[in-house]
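# Observations on chain architecture
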Amino acid sequence: MRWLPDPVWPVVVLALISAVDAAMCVRPVAFIAQCFRDVNFPERWWWVTPWLKAAAAVGLVAGIWVPVLGTVTSLALVAYFVVALTFHVRARDFGRNFFVNATGMFLFCVFVLWFSFVR
């Protein structure tokens, strides 16, 4: 396992996606709010998601230069999407949000972890 990413571009792409996702969660856009409702994620906890996603974006970018930080952030994002997938399965929400959004992001996070930090 590498402590600094090589190549860097997948990490930058994931950081940009995380930053945009964080911005869309500040006042959740309709499809995100509906996703939260579909998996029974309590509204009183919605405020946490933009902070987690923004922290992920910052951790990924800083991890380009700070050893271990990008690796840990990538691992944390994989864990985050495992939890998201679990929420969907538990709620029996097997629509677009499960297959496109949660599964797609999980697979991309695994790809970034493997491609930039492991292989």
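Residues numbered from 1 in each chain as written. Predicted model: local features only at pLDDT ≥ 70, side-chain atom pairs only at ≥ 80, totals over all residues. Heavy atoms only, no water.

Labelled according to an unreviewed UniProt entry, the protein appears under the name DoxX-like protein, originating from Isoptericola cucumis. Listed under Subcellular location (unreviewed entry) in UniProt, the entry text for the protein is "Membrane". (UniProt positions renumbered as here; feature names shortened; annotations may be inferred.)

## Points about the overall build of the protein
Helix and strand content of the protein: five helices and zero strands. Against the globule reference of 14 Å for 119 residues, the protein gives a C-alpha radius of gyration of 14 Å, in line with a compact fold. Across the 119 residues that make up the protein, the buried fraction comes to 40%. For the protein, the accessible surface area stands at approximately 6,800 Å², while carbon and sulfur atoms represent 74% of it. (Helix = DSSP H or I, 4+ residues; strand = E, 2+ residues; numbered from the N terminus. Rg over C-alpha atoms; globule rule 2.2 N^0.38 Å. Buried < 20%, exposed > 50% of the residue type's maximum accessible area, 1.4 Å probe, protein only. Areas by Shrake-Rupley, 256 points an atom, 1.4 Å probe, with all protein chains shown as cover.)

## Thoughts on the layout of surface pockets
Roughly 560 Å³ of volume is contained in the largest pocket. Lining the largest pocket are 25 residues, with Phe36, Lys53, Tyr80, Phe81 and Ala84 positioned closest to its centre. Counting only elements with at least two residues in the lining of the largest pocket, the list comes to helix H1 (9–26), helix H2 (30–38), helix H3 (48–62), helix H4 (69–90) and helix H5 (96–118). The element best represented in the lining of the largest pocket is H4, accounting for six residues. Of the residues in the lining of the largest pocket, the class split is 19 nonpolar, four polar and two charged. (1 Å grid on protein atoms, 1.4 Å probe; cavity = no way out; pocket = protein on both sides within 12 Å on 5 of 7 lines; lining within 4 Å. Points joined across faces, edges and corners; volume = space filled by probe spheres on them. Nonpolar A, V, L, I, M, F, W, Y, C, P; charged D, E, K, R; others polar.)

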